[in-house]
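Listed below, chain by chain, are the residues.
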Amino acid sequence: MKQISIRLKITLWYTVTLVVMVLFTCFIVFFVSNQILQKTVRDNLIEAIEHNVDEIEYFPNLQALEETNDVDHYIQYQDGYLEIDDDFLNQVNEVYTSLYRSEDAALLYGENPISKETAELPFANSQVQKIKVDGTLYYIFDRMLTREGLQGLYLRGVVSELQGKGQMTDIVRISMVLLPALVLLSIFGGYWIAGRMLRPIHRLSQMASQIEKGGDLKKRIDIGKGNDELHQLADRFNAMFGRLDEAFEAERQFASDASHELRTPMSVITAQCEYLLEKQRSAEEYEQSLRVIQRQSNKMAGLIRDMLDFARLEARADSYARERVDLSELVRSLCTDLALIAENGITLKAEVEAGVICVGNRELLSRLLTNLVSNAYRYGKENGHILVKLMQEGGRIALSVCDDGIGIAKEEQSKIFRRFYQADNSRSSAGTGLGLAMAYEIAQFHGGALSVESELGKGSVFTLQLPGLEDNAPENP
Ligand code: ADP
């Protein structure tokens, strides 16, 4: 069953349902119709006999009979005569009517197709009796005549159940042809419609496999216009390809940026080595070159460390455990350490609200704050100030690092969070261009956001917004 296509499965499912429903309906219809028809046959029998009751009249003598001028048929009975209307023999609805004398069950007039078989059947006034002759069921209705002179007479009506069956056979015959034809029609129709409905899925899978084989994530699935589930699925696929494409593109960019960033210090080191080895140099020249080599090696080491951290955070973000972090305590102790840097005479102050707790990773949050404060030192002015503020407002936590340093131009503010991006103000700095990108990733990891407000020459404020404890996801076990 698993190998069968969805189209066939749908068709098989509703074919079985349809056939069961049709059979069930047929059974109900035939059963009920049969009941109704048999009742109609019995009603017709009773009606015909009741009608014929008035077709018989008694006349005490022949003279009185002849005076009526309307003699169809007459029979001598007891001391007088019975006058019987012609209609008596009309087999309305195939009902046979016969007139019997009850005392000896003698047939006086009329027709009874099963007179032999019913000879022994006692008369039962106004009752329908049943008798089976040669496998056929007959209904018999007896009516005692009570009018004056007619005492001792019975009218007996006989009708075969086949009279109703005849009509029934027609219904069955028509149904036998019509219903299978309709079922077949709806099976083929359904198979065709299922095929049409599933065509976009087929297209979708074909295009997805084309994209997968060709490896071109820029291609998109196109199944025409529409807004049904399949079009929504195609949109989701396209969005997924878009994201994959972006991710691969970012990966490619990262690899190319990384090799570019590493190449620069590498070529400086190589050039310095070649310069030193070219000929005998003075002690000062050696020292100077070695310092350049040391600086560039440090830069490379920093780059490699940052890149590895970055890769770890991106690839295995879930390997960083989330726990309850007392942010107030963390920020306070970090600021105490970072204030010791006191580079360029810059002083660091911290305003920390007590009891601010979040769910996150201690190591990553420390890294983020360290990156922001390091930048504030690096891009700060001589004898400048850094203010680190932590506060909680309406369930949201805000951690900001404010400096009065060189600031960032408006047009560069949106770019500084990109990997390896370094603004014009820092071209000669010892940074790697990865610090803020890392901080941005860390903010996202915590379900928060990192933003900047800055004015060139006046300073910058970097703010991390974090969800408070109640908004956070539950802690990792
Ligand atoms: P870097 O290692 O170059 O500092 P970052 O990713 O940390 O890289 O920062 C990206 C760029 O943003 C920096 O090169 C610098 O131009 C700018 N920047 C970051 N922090 C500040 C700041 N506090 N003041 C001025 N410019 C800053």
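Remember, predicted model here, so these are calculated numbers, not experimental data.

How each quantity is defined
Residues numbered from 1 in each chain as written. Predicted model: local features only at pLDDT ≥ 70, side-chain atom pairs only at ≥ 80, totals over all residues. Heavy atoms only, no water. Pairing = 2+ DSSP bridges. Helix = DSSP H or I, 4+ residues; strand = E, 2+ residues; numbered from the N terminus. Axes fitted to C-alpha atoms, helices over the stretch in contact; angles between N-to-C directions. Salt bridge = Lys/Arg side-chain N within 4 Å of Asp/Glu carboxyl O. Buried < 20%, exposed > 50% of the residue type's maximum accessible area, 1.4 Å probe, protein only. Phe/Tyr/Trp six-rings, centres within 6.5 Å; stacked < 30°, edge-to-face > 60°. Polar contact = N/O pair within 3.5 Å; in protein donor to acceptor, adjacent residues only side chain to side chain. Contact = heavy atoms within 4.5 Å. pLDDT = per-residue confidence, 0-100. Core = buried A, V, L, I, M, F, W, Y, C linked by side-chain atoms within 4.5 Å. Lys, Arg positive; Asp, Glu negative; His and termini not counted. Parallel < 35°, antiparallel > 145°, perpendicular 65-115°, else oblique. Left-handed = near helix turned anticlockwise from the far one by under 90°. Nonpolar A, V, L, I, M, F, W, Y, C, P; charged D, E, K, R; others polar.

Visitor: Lay out the sheet that holds strand β1 (residues 56-59) with the relevant residues and their values.
Guide: Taken together, the 3 strands give an open sheet; going across it, the order is β1-β3-β2, and neighbouring strands pair in antiparallel fashion. The outermost strands of the open sheet, each flanked by one partner alone, are β1 and β2 (73-77). For this sheet the average axis-to-axis angle between neighbouring strands, irrespective of direction, equals 25°. Where β2 meets strand β3 (residues 80-84), 5 bridges bridge the pair, whose relative direction is antiparallel. Opposite Y74, over in β3, you have E83 as the bridge partner.

Visitor: Give me the pattern of salt bridges: which residues, what numbers.
Guide: The tally for this structure, following the rule as stated, stands at 12 salt bridges. With a shortest N-O distance of 3.0 Å, E50 and R143 are connected by a salt bridge. Of the two residues, E50 sits in helix α1 (residues 6-53) while R143 sits in strand β7 (residues 136-144), which places them 93 residues apart along the sequence. Salt-bridge contacts for R281 lead to E278; the nearest nitrogen and oxygen are separated by 3.0 Å. Assessed through its relative accessible area of 63%, E278 is described here as exposed.

Visitor: With reference to specific residues and values, describe the pairing of strand β15 (residues 459-467).
Guide: Of all 9 residues in β15, 7 are buried, a share of seventy percent or more. Bridge analysis of strand β13 (residues 396-403) against β15 gives 8 bridges, and the strand direction is antiparallel. If you follow I397 over to β15, its bridge partner there is L466. The pairing of strand β14 (residues 449-455) with β15 spans 7 bridges and is classified as antiparallel. Across the sheet, residue V452 finds its bridge partner in β15, namely F462. Following β14, the chain reverses through 3 residues before pairing antiparallel with β15; G457 in that reversal takes a positive phi of roughly 85°.

Visitor: So what's going on with the packing of aromatic side chains? Which residues, and what values?
Guide: The geometry of two aromatic rings is summed up by the distance between their centres and the angle between their planes. Summed over the entire model, instances satisfying the criterion amount to 10 aromatic pairs. On the numbers, 5.5 Å between centres and 35° between planes, the contact of F254 with F420 is tilted. Here F254 is found in helix α5 (residues 229-278), whereas its partner F420 is found in the loop between α9 (410-413) and α10 (435-445), with 166 residues between them in sequence. An angle of 75° between the planes, with centres 6.2 Å apart, marks the rings of Y320 and F445 as edge-to-face. Within this pair, whereas Y320 is found in the loop between α6 (283-315) and β9 (323-326), its partner F445 is found in helix α10, the two being separated by 125 residues in sequence.

Visitor: Which residues make up the sheet that holds strand β6 (residues 127-133), and what are the values?
Guide: Whether parallel or antiparallel, the strands of a sheet pair through hydrogen bonds between backbone atoms. The strand order across the open sheet formed by 5 strands is β5-β4-β8-β7-β6, and the pairing between neighbours is antiparallel. Here the strands that pair on one side only, and so sit at the sheet edges, are β5 (106-110) and β6. On average, adjacent strands in this sheet sit at an angle of 30° to one another, irrespective of strand direction. In terms of strand pairing, β7 meets strand β8 (residues 153-160) through 7 bridges, oriented antiparallel.

Visitor: Describe the side chain of N112, and please don't skip the residues or the numbers.
Guide: Following the sequence through the fold, N112 ends up in the loop between β5 and α3 (115-118). Within the local environment of N112, its side chain forms a polar contact with the side chain of T118, the two groups lying 3.1 Å apart. Apart from the residues within four sequence positions on either side, N112 is in contact with S98, Y100, T118, R156 and V158.

Visitor: Go over the confidence of the model for the protein with me, naming the residues and quoting the values.
Guide: With 95% of its residues at a pLDDT of at least 70, the protein reaches an overall mean of 87. Taken as a whole, residues 473-477 scores under 50 in pLDDT and shows 8 contacts with residues more than four places along the chain or in a different chain.

Visitor: Outline the nonpolar core, supporting the account with residue identities and numerical values.
Guide: Grouped together as the largest cluster of nonpolar side chains are 55 residues, with contacts concentrated most on L327, V331 and V388. Beyond its immediate chain neighbours, meaning those up to four positions away, V331 contacts V352, L369, V388, L390 and L399. With 22 residues, the next largest nonpolar core counts A48, I49, V53 and L153 among its residues.

Visitor: So, the side chain of E261: which residues are in play, and what are the values?
Guide: Relative to the elements of secondary structure, E261 occurs in helix α5. Of the side chains bearing the opposite charge, K299 lies closest to the buried E261, which forms no salt bridge; the N-O distance is 5.4 Å. Residues within four places of E261 in sequence aside, it is in contact with L303 and F420.

Visitor: Lay out the packing of α6 against α10 in plain terms, naming residues and giving numbers.
Guide: At a minimum axis distance of 11 Å, the contact between α6 and α10 shows a crossing angle of 20°. On the basis of the axis angle, α6 is roughly parallel to α10. Once α6 is placed against α10, the crossing between them reads as left-handed. Here D309, F310, L313 and E314 of α6 lie close against α10, whose contacting residues are A437, M438, E441 and I442. Considering only residue class, the contact of α6 with α10 consists of 5 nonpolar, no polar and 3 charged.

Visitor: Lay out the environment of I211 with the relevant residues and their values.
Guide: Looking at the secondary structure, you find I211 in helix α4 (residues 162-214). A relative accessible area of 3% means that I211 is categorised as buried. Each C-alpha atom, one on I211 and one on L399, is 44 Å from the other, the two residues being 188 residues apart in sequence. Residues contacting I211, with those up to four places away along its chain left out, are D216, L217, K219, R220, I221 and F241.

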